[in-house]
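Here's the letter readout for the chains.
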Amino acid sequence: MVKYFAKRFAMMLIALFMIVLITFVIMHSIPGGPFTSDRKVSEDVEKALNEKYNLDAPLYEQFFEYIGNLLKGDMGPSFKYTGKSVNDFIANGFPVSAKLGGITIIFVLIAAIPMGILAAIKNGRWQDMTVMAVATIGVTIPSFVIASVLIYTFSFRLDWLPTYGLDTWKGYILPVVALGGYSLSYLARLMRSSLLEVMGQDYIRTARAKGLTELKVITKHALRNALIPVITVLGPTVAGLMTGSFVIEKIFAIPGLGVHFVNSVSQRDYTTIMGVTVFYATFLLAMVFIVDIFYCLIDPRIKFE
Amino acid sequence: MENKWDLLESSNEDREKIWTKNRTFAGDVWFRFRKKPTAIAGFVIIVLLIAFALAGPLFTSYNYSVQNLEVVNIPPIMKVYESPDEKGYLYITQSIKVVYVEKDGTLGSQLKKVRDVAKENITIYDCNGQEVALYYEQKPYLLADPESKIVYNIKHIWNKSFILGTDSLGRDILTRLMYGTRVSLLVAFVAALVNMVIGIIYGGIAGYLGGIVDSVMMRIVDIISTIPLTLYVILIMVLLGTGLKSIIVALGSVYWVDMARVVRGQTLSLKEQEFVVAAKTIGSSTRTILKQHIIPNAMGSILVTVTMLIPSAIFIEAFLGYLGIGLQPPLASLGTMCNDATENLRSCPFQLFIPALAICIIMFAFNFVGDGLRDALDPKLKK
């Protein structure tokens, strides 16, 4: 088991290295340097700037320096905002995104699992149909459409909830629903199909045959096994929600990491783009790894290759 | 009454009667596919959408990029006032100008301004020789008779000139919707095709050769699939610049991973089958075996993966357009149309809801077809 995790960990590190490499190569093959602008900078100034940020060194040297700095936790300075570092952006943006994401995860779990269970138990009846209809809508409709419809209905028309900001608890409602819509629908569908599959297994028949109540059959025998596929997809879901959706943060004017990323893309702030990408990827991989460990602990049937 | 217990006559002709014509594989798939109403509905919608996107622009007299600032933000259903001569209607635009509307709902010319009466907060316009007054003191603005101050009758009529209204630059939304649908479908189909080709070649080679080549190629796929793909699409867009080509390249270069996995899995099991062994014994080349025997047999799963890929390509395109890193204006895509409309959401919700509805319809249609196709191609998957 330790060997298996060591292997997974090594894979994760290789993947991370590849991510840094690809990002670095893409960012450095963009024509024009970060200081190219409409205003012509004198050659001396440009040379000084390049020297300051070590941009005149050979590319591989810059790459290893970048990796070295990354290992020390330093993502370099922002090219567009003098005096600000990429670390500042992440330190400012991530807690906001993480808080919104955390609340969204709780909301998604509380809503999706009971929805899926209900749909599976009432398979084929109207409860099932309703849950599946809602889930299909949630999976297919893009989040920005959901967000816009929510804003129009609850903020503009009914005037119940604020359109932007997270100052009050009311401000969280719309972003959480819009952000969690997809994951909620996806998890509910997964929970339903997984529980339906488990309910057809032999051990459920055995449990029923020995006279357990239906409630006990479901909670004690079915649910435990049915939750496993849900837990597998939880890793990427958590990472995706915690790091924040670009669109939701843009619509609701939430100063999270996603907004910083989109801004840095449109302003071509290369170090910030690189830093945030690497941060996102690391977080995602770490989440998937942690969930993998849990997954193996929960389900003893999993064989370690 | 005849005796039911007698033996029936047995003839070969009767036996033949229960035979039906052999169905081909495609016929079989179609037979199962058409049993699902949602799948058929999705299929019909996709055909209609393609017709709408390709043939639609031939029937419209507007251009998707020409701005007409005189008719900005006009909704599909207009609130109009009956004109004093009762031959037509009057409509107040958002820039506080009065436009004449014919009885059938087509927009006419702007009324000429006669004078301002700043003291009473009214402007007098000339409507076919009669004076009408526009009260702009408070919203909603009113049109009334300047003498008697009686507000003209209010009616809601359909906009016949711009069936779906105009956007904030006075462009016809219906026309832009046609071009936007065209762009979205184009991006989706081309990206799906590119992914299919890359995925088939990559997965086919990995699965067929097996061994160390397979494990190296699949490790690469594993690594790529851990990378958050949306981020990479955005990075590639930064590298290549915004535009249609960049979106297609970005989507095409990133999303082939699933396809490669599917093809590899199919190839692995198919290459052990007797017909492949037979092809090997008669000396067919690897290329022929892959092309003639393995890929055609894996086509079912490939098709299902492609139909599932198309909606996600449309989704990413809309997402990029919405973030403002997709197409460049004045080109229209469904995502950029939504993005343009967000600023006006409060006053002109139709500008956002129309393209958003189009996106939803496309997504639903492709998802339904994908589901139907999966069930039809692989009946074993069904419970």
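Conventions we followed
- Residues numbered from 1 in each chain as written.
- Chains lettered and ligands numbered in written order.
- Predicted model: local features only at pLDDT ≥ 70, side-chain atom pairs only at ≥ 80, totals over all residues.
- Heavy atoms only, no water.
- Helix = DSSP H or I, 4+ residues; strand = E, 2+ residues; numbered from the N terminus.
- Buried < 20%, exposed > 50% of the residue type's maximum accessible area, 1.4 Å probe, protein only.
- Contact = heavy atoms within 4.5 Å.
- Areas by Shrake-Rupley, 256 points an atom, 1.4 Å probe, with all protein chains shown as cover.
- Lys, Arg positive; Asp, Glu negative; His and termini not counted.
- Charge placed at Lys NZ, Arg CZ, Asp CG, Glu CD.
- Axes fitted to C-alpha atoms, helices over the stretch in contact; angles between N-to-C directions.
- Parallel < 35°, antiparallel > 145°, perpendicular 65-115°, else oblique.
- Left-handed = near helix turned anticlockwise from the far one by under 90°.
- Domains from an automatic or database assignment.
- Pairing = 2+ DSSP bridges.
- Expected span 1.5 Å × (residues − 1).
- Bend = angle between axes of the 7 residues up to and from the residue.
- Buried area = accessible area lost by both parts, 1.4 Å probe.
- Salt bridge = Lys/Arg side-chain N within 4 Å of Asp/Glu carboxyl O.
- Phe/Tyr/Trp six-rings, centres within 6.5 Å; stacked < 30°, edge-to-face > 60°.
- Lys NZ or Arg CZ within 6 Å of the ring centre and 35° of its normal.

A. Structural view of the overall build of chain A. In terms of helices and strands, chain A carries twelve helices and zero strands. Traced from its N-terminal end to its C-terminal end, chain A shows the element sequence α-α-α-α-α-α-α-α-α-α-α-α. Dimensions of chain A, computed from C-alpha atoms along their principal axes, come out at roughly 85 × 60 × 30 Å. Among the 305 residues that make up chain A, the fraction classed as buried is 47%. Look at the contacts in chain A between residues 6 or more apart in sequence, and 71% of them connect residues 24 or more apart. For chain A, the accessible area works out to roughly 15900 Å², and carbon and sulfur atoms hold 65% of it. Both charge centroids of chain A, one from 27 positive and one from 21 negative side chains, sit 15 Å from each other.

B. A look at the packing of helix α11 (residues 334-341) of chain B against helix α12 (residues 349-377) of chain B. All names here are of chain B. Their axes nearest at 8 Å, the elements α11 and α12 cross at an angle of 155°. In terms of orientation, α11 lies roughly antiparallel with respect to α12. The handedness of the crossing between α11 and α12 is left-handed. Contacts between α11 and α12 pair Leu334, Gly335, Met337, Cys338 and Ala341 from the former with Gln351, Leu352, Pro355, Ala356, Ala358, Ile359 and Ile362 from the latter.

C. Geometry of the domain arrangement of chain B. As far as domains go, chain B holds domain 1 (77-158) and domain 2 (173-381). Taking only C-alpha atoms into account, the centre of domain 1 of chain B sits 52 Å from that of domain 2 of chain B.

D. Structural detail: the sheet that holds strand β8 (residues 142-144) of chain B. Residues and elements named next belong to chain B. Pairing within the open sheet is antiparallel, and its four strands lie in the order β5-β6-β7-β8. Of all the strands in the sheet, just β5 (112-117) and β8 have a single pairing partner and so form its edges. Taken over all neighbouring pairs, the strand axes of this sheet differ in orientation by 30° on average, direction set aside. With five bridges connecting them, β5 and strand β6 (residues 122-127) associate as antiparallel partners. Residue pairing across strands places Lys112 opposite Asp126, the latter belonging to β6.

E. Expanded view of helix α4 (residues 86-121) of chain A. Over its 36 residues, α4 of chain A runs 50 Å from end to end, which matches the ideal 52 Å to within 8%, given 1.5 Å per residue. Remark: the principal bend of α4 of chain A, roughly 30°, maps to Gly93 of chain A, with a proline, Pro95 of chain A, within the next four residues.

F. Summary view of the interface of chain B and chain A. Across the contact, 34 residues belong to chain B and 38 residues belong to chain A. When chain B packs against chain A, the two sides together hide about 3300 Å² of surface, and 83% of this comes from carbon and sulfur. Considering only the side of chain B, the residues that lose the most area to chain A are Leu235, Val238 and Tyr322 of chain B, jointly responsible for 17% of the buried surface there. Between chain B and chain A we count zero salt bridges in total.

G. Just the packing of aromatic side chains, in detail. On inspection of all chains with the given rule, the structure shows 15 aromatic pairs over all chains. Measuring from ring centre to ring centre gives 4.9 Å for Tyr202 of chain B and Trp256 of chain B, while their planes differ by 50°; the resulting arrangement is tilted. On the criterion of sequence distance, the pair formed by Tyr202 of chain B in helix α4 (residues 173-209) and Trp256 of chain B in the loop between α7 (244-254) and α8 (257-270) is long-range, its members being 54 residues apart. Of the two residues examined, Tyr202 of chain B and Trp256 of chain B, each falls in the buried class. An aromatic cluster is present here, built from Phe5, Phe9 and Phe289 of chain A joined pairwise through their rings. One residue, Lys250 of chain A, lies across the ring of Tyr322 of chain B, its end atom 5.3 Å from the ring centre.

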